[in-house]
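# An overview of the molecular structure
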Amino acid sequence: EFRKWAARCDELAAKDNLPAISKNLFVTEKLDGLSVSIVYEQGRFKDAITRGDGLVGERISANARRMKGVPAKLKAPASVSVRGEIILELSDLKKAFPGAANPRNQAAGTSKRFDGQGCEHLTVLFYDLEGEELPDEVRKFARLVELGLLTPNSEVTDLEGAISLHRQYAEQTRAKLDYEIDGLVVRANDLHAQHMLGEKANRPRAAVAYKFASQAKVTRVLEIFWETGASGRVSPVAGVEPVEMAGATVH
């Protein structure tokens, strides 16, 4: 599927006399958190809004001010909107929320608290910027860093390099991170090419989520019991030896 996506992008790029997308790809970690957009005016923090349902988000400005990675003032007087992901690093999860099992759910709930309690333990990593004209993703990430913002790990490569990087993350790198990711985001590095390829089903055609395989673990069935639903239907349910998976205990 990933190769088909790249081939289709290359085909569309050729029609617009653009270089092959698959030879210049920008790969970042797909952070497993809560999306947020933060507005800065003349370098000063103004507002923070979550993605919500894609149309209407929640204003969490007071909470965002307390999060790590969100400066009150940028290193340059830029008027921009920057998008990032609110995450809870695993080390902070153990230290500040010892009873929580899932960092994503804990981050989402904490970021929306009316009293802002616990938001100082959350971190925002940024991956997008609007308000300035830049040639490619590499320069965009460099600009984010110049402004004093934190970004996820990234790399420029080609199609085969992206596949190799995905394998490396799945087998080694992912387990070494202090935060959770559920895949990689691969997109055309050239921003003009991204614009020319447009959208499909309200999503950028020149970007794709290259996810990891779903987690699976082997356990042992201990019993079978019968459960009656609201409609009166009786279904068999298996009780298994408890096993930790995706931040939850399955039993």
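Being a predicted model, the structure only gives us computed values, none of them experimental. (Residues numbered from 1 in each chain as written. Predicted model: local features only at pLDDT ≥ 70, side-chain atom pairs only at ≥ 80, totals over all residues. Heavy atoms only, no water.)

## A closer look at empty space enclosed by the protein
Summed over all chains, the structure comprises one cavity of 30 Å³ or more. Within this model, the largest cavity holds a volume of roughly 40 Å³. Every residue lining the largest cavity is listed: D32, I87, L88, P103, R104, Y179 and E180. Taken together, the residues of the lining of the largest cavity sort by class into four nonpolar, no polar and three charged. (1 Å grid on protein atoms, 1.4 Å probe; cavity = no way out; pocket = protein on both sides within 12 Å on 5 of 7 lines; lining within 4 Å. Points joined across faces, edges and corners; volume = space filled by probe spheres on them. Nonpolar A, V, L, I, M, F, W, Y, C, P; charged D, E, K, R; others polar.)

## Concerning the sheet that holds strand β4 (residues 80-87)
Here we have four strands laid out as an open sheet, ordered β3-β2-β4-β5, and antiparallel in their pairing. At either end of the open sheet lies a strand with only one pairing partner, and these are β3 (44-50) and β5 (123-130). Pairwise comparison of adjacent strand axes, ignoring direction, gives a mean angle of 30 degrees for this sheet. When β4 meets β5, the two strands line up antiparallel, connected through seven bridges. Bridge pairing in β5 links V82 to L129. Helix α5 (residues 137-146) rests against β4 and β5 of the sheet, and its axis sits at about 125 degrees to β5. (Pairing = 2+ DSSP bridges. Helix = DSSP H or I, 4+ residues; strand = E, 2+ residues; numbered from the N terminus. Axes fitted to C-alpha atoms, helices over the stretch in contact; angles between N-to-C directions. Contact = heavy atoms within 4.5 Å.)

## Digging into helix α1 (residues 2-15)
Between its first and last C-alpha, α1 extends 20 Å over 14 residues, near the 20 Å set by a 1.5 Å rise per residue. F2, W5, A6, C9, L12 and A13 are the residues of α1 that are buried. Taken around the axis of α1, the buried residues stretch over an arc of 130 degrees, which confines them to a single face. Across from the buried face of α1, at angles greater than 90 degrees, the exposed residues are K4 and K15. (Expected span 1.5 Å × (residues − 1). Buried < 20%, exposed > 50% of the residue type's maximum accessible area, 1.4 Å probe, protein only. Arc of directions from axis to C-beta.)

## Some remarks on the sheet that holds strand β1 (residues 25-31)
Sheet strands line up and pair through hydrogen bonds in the backbone, either parallel or antiparallel. If you walk across this open sheet you meet the four strands as β6-β1-β7-β10, and the pairing is antiparallel. Every other strand in the sheet has two partners, leaving β6 (154-157) and β10 (207-211) as the edge strands with one partner each. Pairs of neighbouring strands in the sheet enclose a mean axial angle of 30 degrees, with direction left out of account. Across the face of the sheet, α5 comes into contact with β1, β6 and β7 (181-188) while running at roughly 50 degrees to β1. Here helix α6 (residues 159-176) sits on the sheet in contact with β1, β6, β7 and β10, set at roughly 165 degrees to β7.

## A few points about the pattern of salt bridges
By the definition in use, this model includes 18 salt bridges. A salt bridge links K112 to E58, with the shortest nitrogen-to-oxygen separation between them at 3.3 Å. Here the residue K112 occupies a position in the loop between α4 (103-111) and β5, and E58 occupies one in the loop between β3 and α2 (61-64), the gap between them amounting to 54 residues. Residue classification places K112 among the partly exposed residues on the basis of a relative accessible area of 36%. According to the relative accessible area criterion, E58 is partly exposed, its value standing at 38%. When the shortest N-O distance is used, the salt bridge between E137 and K140 registers 3.4 Å. Separated by three residues within a single helix, E137 and K140 lie in helix α5, roughly one turn from each other. Owing to a relative accessible area of 7%, K140 belongs among the buried residues under this scheme. The network of salt bridges with common partners includes D128, E137, K140 and R187. (Salt bridge = Lys/Arg side-chain N within 4 Å of Asp/Glu carboxyl O.)

## Details of the pairing of strand β11 (residues 221-228)
Within β11, only zero of the eight residues are buried, which leaves the element largely exposed. Sheet analysis places β11 next to strand β12 (residues 234-240), joined by seven bridges and oriented antiparallel. Directly across from V221, in β12, lies its bridge partner V240. Between β11 and β12, which pair antiparallel one after the other, the connecting turn spans five residues, and G232 there sits at a positive phi close to 95 degrees.

## Regarding α6
Residues spaced three or four apart along an α-helix point in a common direction, a consequence of the helix completing one turn every 3.6 residues. With 18 residues, α6 should cover 26 Å at 1.5 Å per step; its first-to-last C-alpha distance of 24 Å lies within 8% of that length. Y169 marks where α6 bends most, by close to 60 degrees. All of the buried residues in α6 are L159, G161, A162, I163, L165, H166, Y169 and T173. Contacts from the buried residues of α6 go to α1, β1, β6, β7 and β10. (Bend = angle between axes of the 7 residues up to and from the residue.)

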